[in-house]
Amino acid sequence: MTDHATPPPPASDPLPVPETAIGALEFTDPAQSPEALAAQEARRARRRKAAVRWSCAALVFALAGTGTALAVTAPERTDIPGLATASDGRYTFPPLALPPLPSGKAAPDGKGKSLHYADLRHLLLPVPKEAGGSLTAPTFPAPTASPTASGSPTASPTASATPSAAPTAAAVADWVPCDAILAEQQDPAKLSQLLLENACRAATVREWTASDGTRTQIRLLRFGSTGESWGTYNSLRAKSAPKAAPDTKSTSHENWDTVNGVDLTALESTANGPKGNPTARVAYLSAADILAVITMTNPDGIPAAPFRQVVTLQSDLLA
């Protein structure tokens, strides 16, 4: 047998390298000319610059988006144009604060039976921002004696009722005679007799005109007992005819926030402004020994929201 040598296996053909791969790797051929090497390096530099430019652009867009998100979410919604809720007429008041009590005197019990010993002037609702009032919480001087009790509604407070270091006029209202309210009534004789019978002890008033033209007056009258105050309240809410609202009708307040210890009667004028709101609104509040009369007038009409706001906040101070 003749031995035959086994032929070597054929060499396998190398796999072709795709042109795209060659272009992507950009192998440097040592035999390339300096011009070709310079052109290749220039391409690499352009690519690096393009990558830097795109990275910077992406960073700028990210920062711009973050800034926009903060600009929209950080401020109050009402401060952003186009998103602000239309005003319903409510006012901006400073934080409410109760005045200090004389030594040994207790605060009202919230049931409308105990007396108020705080300075009557400091129980008035402060002036809102829309009428030039300050948004700083009020500060009160040391408690002083209340006006001397008198059977006459025209009795003025004694000098001891005026604090020696009184705050500004915007913070503290003045004492007024009880019968100052008579000038606001169509039939002052009836109310005058009522004040004499129930012996109004002291009175104070605060009023302002807001930027929307609404004039608000809050009058507080203090009596010697809950019964005297209640009798005056009952008569006023049933028989009074204020000049600011000569023809009134009762208005519902069932859905209002209730304030314990305060009884409320709300009236509105039968005359309406251009938008259908009554041109006058009146509220009578009875809180133990204090009677409050709130009158708001505006020829253009008074929405329910600011009236309800003023009445509720004043009730809070008396409760």
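What counts as what
Residues numbered from 1 in each chain as written. Predicted model: local features only at pLDDT ≥ 70, side-chain atom pairs only at ≥ 80, totals over all residues. Heavy atoms only, no water. Helix = DSSP H or I, 4+ residues; strand = E, 2+ residues; numbered from the N terminus. Buried < 20%, exposed > 50% of the residue type's maximum accessible area, 1.4 Å probe, protein only. Contact = heavy atoms within 4.5 Å. Areas by Shrake-Rupley, 256 points an atom, 1.4 Å probe, with all protein chains shown as cover. Salt bridge = Lys/Arg side-chain N within 4 Å of Asp/Glu carboxyl O. Arc of directions from axis to C-beta. Polar contact = N/O pair within 3.5 Å; in protein donor to acceptor, adjacent residues only side chain to side chain. Pairing = 2+ DSSP bridges. Axes fitted to C-alpha atoms, helices over the stretch in contact; angles between N-to-C directions. Disulfide = S-S within 2.5 Å. Phe/Tyr/Trp six-rings, centres within 6.5 Å; stacked < 30°, edge-to-face > 60°.

Q: Just to check I follow, could you spell out the overall build of the chain for this structure?
A: Of regular secondary structure, the chain possesses five helices and seven strands. In the chain, the succession of helices and strands from N to C terminus is α-α-β-α-β-β-α-β-β-β-β-α. Expressed as a percentage of the 319 residues in the chain, the buried residues total 35%. The long-range share in the chain, meaning contacts at least 24 apart out of those at least 6 apart in sequence, stands at 65%. For the chain, the computed accessible surface area is about 18,400 Å², with 58% contributed by carbon and sulfur atoms.

Q: Looking at this structure, how should I read the pattern of salt bridges?
A: As a working rule, side chains carrying opposite charge can pair if their charged atoms are close by. One pass over the structure, following the stated rule, counts 10 salt bridges. Between K249 and E268 there is a salt bridge, and its shortest N-O distance comes to 3.8 Å. Of the two residues, K249 sits in strand β4 (residues 248-250) while E268 sits in strand β5 (residues 263-269), which places them 19 residues apart along the sequence. Residue class for K249 comes out partly exposed when judged on its relative accessible area of 44%. Exposure remark for E268: the relative accessible area of 14% places this residue in the buried category. One salt-bridge network, held together by shared partners, links E41, R44 and R48.

Q: Even after reading the chapter, I still don't get helix α3 (residues 188-198), so can you show me in this structure?
A: Along an α-helix, residues three or four apart share an orientation, since each turn contains 3.6 residues. Restricting attention to buried positions, one finds in α3 the residues L191, L194, L195 and N198. In an axial view of α3, the angular spread of the buried residues amounts to 100°, which keeps them on one side of the axis. Away from its buried face, by an angle of more than 90 degrees, α3 presents the exposed residues A189 and E197. Phi for A199, located one or two positions after α3, is positive at around 55°.

Q: Explanation requested: the environment of L267 in the structure shown.
A: For L267, the position within the fold is in strand β5. Between the C-alpha atoms of L267 and S250, which are 17 residues apart in sequence, the distance is 4.5 Å. In contact with L267, other than residues within four places in its own chain, are T248, K249, S250, T251, R281, V282, Y284 and F307.

Q: Even after reading the chapter, I still don't get the side chain of N298, so can you show me in this structure?
A: Along the chain, the position of N298 falls in the loop between β7 (290-297) and α5 (304-318). We classify N298 as buried; its relative accessible area is 5%. Separated by 2.9 Å, the side chains of N298 and T214 make a polar contact. The residues touching N298, leaving out its near neighbours within four places in the chain, are D212, G213, T214 and T279.

Q: Would you mind showing me how to read the sheet that holds strand β2 (residues 200-209) here?
A: Note: strands within a sheet are paired through backbone hydrogen bonds, in either parallel or antiparallel orientation. One open sheet holds the seven strands; their spatial order is β1-β2-β3-β7-β6-β5-β4, and the pairing between them is antiparallel. In this open sheet, the two edge strands, each paired with only one partner strand, are β1 (174-176) and β4. Strand-to-strand, the axes of this sheet are offset by a mean angle of 25°, without reference to chain direction. Here β1 pairs with β2 via three bridges, running antiparallel. In the strand pairing of β2, D174 is matched with V205. Across the face of the sheet, helix α4 (residues 226-239) comes into contact with β2, β3 (215-223), β5, β6 (280-287) and β7 while running at roughly 160° to β6.

Q: So what exactly am I meant to see when it comes to the state of the cysteines here?
A: Under the criterion given, the structure shown has one disulfide. Here C178 is linked by a disulfide to C200, with a sulfur-sulfur distance of 2.1 Å. Looking along the S-S bond of the C178-C200 disulfide, the torsion reads about -70°, which is the left-handed sense. Linking C178 in the loop between β1 and α3 with C200 in strand β2, this pair joins segments that are 22 residues apart in sequence.

Q: Teacher, can you tell me more about the pairing of β5 here?
A: Where a strand is regular, its side chains alternate between the two sheet faces. β5 sits mainly inside the fold: six of its seven residues count as buried. Summarising the sheet, β4 and β5 pair through three bridges and their orientation is antiparallel. Residue T248 lies in a different strand from β5, and its bridge partner there is S269.

Q: Sorry if this is basic, but what is going on with the packing of aromatic side chains here?
A: Aromatic rings considered in pairs are described by the distance between their centres and by the relative angle of their planes. The final tally for this structure, using the stated rule, is three aromatic pairs. Between Y91 and F93, the aromatic rings sit 6.3 Å apart at their centres with planes inclined by 80°, giving edge-to-face as the arrangement. In terms of burial, Y91 and F93 fall into one category: buried. Both rings, one in F93 and one in W208, keep their centres 6.1 Å apart while their planes meet at 70°; by these two values the pair is edge-to-face. Here the residue F93 occupies a position in the loop between α2 (34-73) and β1, and W208 occupies one in strand β2, the gap between them amounting to 115 residues.

Q: Would you take a moment to explain the pairing of β2 for this structure?
A: Counting buried positions over the 10 residues of β2 gives seven, a clear majority of the element. In terms of strand pairing, β2 meets β3 through nine bridges, oriented antiparallel. Residue W208 lies in a different strand from β3, and its bridge partner there is T216. Hairpin connection between β2 and β3: a loop of five residues separates the two successive antiparallel strands, and G213 in this loop has a positive phi of roughly 90°.

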